[in-house]
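The lines below spell out each chain.
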Amino acid sequence: ADPVPTSLVEKSKKLKFYFERFHQKLHAARADRERRRTDLESEMAKLSFPEATKTALRSKLRVTESEYLRLKRAPIDPSQFVQL
Amino acid sequence: MSFLFGKNAKTFKPKKHLAEGTNQYELQKYAEATLGSGNLRLAVMLPAGEDINEWVAVNTVDFFNQINMLYGTITEFCTPADCPMMSAGPKYEYHWADGATIKKPIKCSAPEYIDYLMTWVQAQLDDETLFPSKIGVPFPKNFITIAKTILKRLFRVYAHIYHSHFNRVVALNEEAHLNTSFKHFTFFIQVSPSLSFPFCLSTPFLFL
Ligand SMILES: [Zn+2]
């Protein structure tokens, strides 16, 4: 095979870094989300909240999680940008 | 060919029935290399209580970015001379049409096709009426249909990379990254019945 040009090696390094981090974050995000849900449940159980309050707080958390997903798609600022 | 015996070689899990040393054996090794240990089948599932549109949107953007980066590292080998047609195996040859501004399919080379395709996808993703990025703005009613068209087209870029440029991917030691991204993609489109594709998606071997 032809030798790989240095510029391409650099580009490929950045790709690998991005992909490896992406997959770490992908799995961590699901675990974190599940933890936030169970934390809320155990807190609410400890404080013996009424059902209506529990329902409202669960719904509030769901909305926050959903908004967080949307913010991930929002136009990125330069500090988050992975330059190729 | 030193890349064949690189430091990642121990992570490959080749199928036992293929004779070692054959070309097919070597290609299969690379086709099976994936990143890390996370459960991708779990990762694609709609989180409890999440809106399907929001979930499909964020994943579609991620796949677009990944394909963009993957193609970016092989783009100098994907020239009109190397790839005069957008193909993904002898049975698949694509002519570009976006169904809106370009209705009559254009016969073009793979790099031109992919340029049309990625430009078109980028325009869809940037369109606030299709992919709202501000909190509280609803998705259009036909969002899933739109996303499905985007994903179906993005699939062709993976297919082209596997079919025509997998050796370059291996030379760059990117096979695990490509395979993981593609596996994630195929799990994702299979998990939601509303996204399921009319054609059969198989393993990367289909294109090797
Ligand atoms: Zn090509």
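Residues numbered from 1 in each chain as written. Chains lettered and ligands numbered in written order. Predicted model: local features only at pLDDT ≥ 70, side-chain atom pairs only at ≥ 80, totals over all residues. Heavy atoms only, no water.

1. Here's the deal with the packing of helix H3 (residues 52-74) of chain B against helix H6 (residues 175-191) of chain B
Residue and element names in this part refer to chain B.
Here comes step 1: For the pair H3 and H6, interaxial distance at closest approach is 11 Å and the crossing angle is 155°. With respect to their mutual orientation, H3 and H6 come out roughly antiparallel. Read as a crossing pair, H3 and H6 show a hand that is left-handed. Here H3 contributes Trp55, Val56, Asn59, Phe63, Gln66 and Leu70 to the contact with H6, which in turn contributes Leu178, Ser181, His184, Phe185 and Phe188.
Here comes step 2: In the contact of H3 with H6, the residues fall into seven nonpolar, four polar and no charged. (Axes fitted to C-alpha atoms, helices over the stretch in contact; angles between N-to-C directions. Helix = DSSP H or I, 4+ residues; strand = E, 2+ residues; numbered from the N terminus. Parallel < 35°, antiparallel > 145°, perpendicular 65-115°, else oblique. Left-handed = near helix turned anticlockwise from the far one by under 90°. Contact = heavy atoms within 4.5 Å. Nonpolar A, V, L, I, M, F, W, Y, C, P; charged D, E, K, R; others polar.)

2. Notes on a nonpolar patch on the surface
Here comes step 1: Together, Leu42(B), Met45(B) and Val191(B) line one region of the surface with nonpolar side chains, adding up to about 240 Å² of accessible area.
Here comes step 2: Owing to a relative accessible area of 43%, Leu42(B) belongs among the partly exposed residues under this scheme. (Patch = residues over 30% accessible without salt bridge, like charges linked within 9 Å, V, L, I, M, F, W, Y side chains within 5 Å. Areas by Shrake-Rupley, 256 points an atom, 1.4 Å probe, with all protein chains shown as cover. Salt bridge = Lys/Arg side-chain N within 4 Å of Asp/Glu carboxyl O. Buried < 20%, exposed > 50% of the residue type's maximum accessible area, 1.4 Å probe, protein only.)

3. Some words on the pattern of salt bridges
Here comes step 1: Counted under the stated rule, the structure contains 12 salt bridges over all chains.
Here comes step 2: For Glu41(A), the salt bridge identified is with Arg58(A), shortest N-O distance 2.6 Å. A residue pair is termed long-range when its members are at least 10 positions apart, and Glu41(A) in helix H1 (residues 6-46) and Arg58(A) in helix H2 (residues 51-73) qualify at 17 residues.
Here comes step 3: Residue Arg58(A) is classed as partly exposed on the basis of its relative accessible area, which comes to 29%.
Here comes step 4: Between Arg70(A) and Glu54(B) there is a salt bridge; the shortest N-O distance is 3.1 Å. One end of the pair, Arg70(A), is in helix H2; the other, Glu54(B), is in helix H3, on a second chain.
Here comes step 5: The class of Arg70(A) is buried, set by a relative accessible area of 5%.
Here comes step 6: When its relative accessible area of 4% is taken as the criterion, Glu54(B) is described as buried.

So yeah, pure geometry; function would need other evidence.
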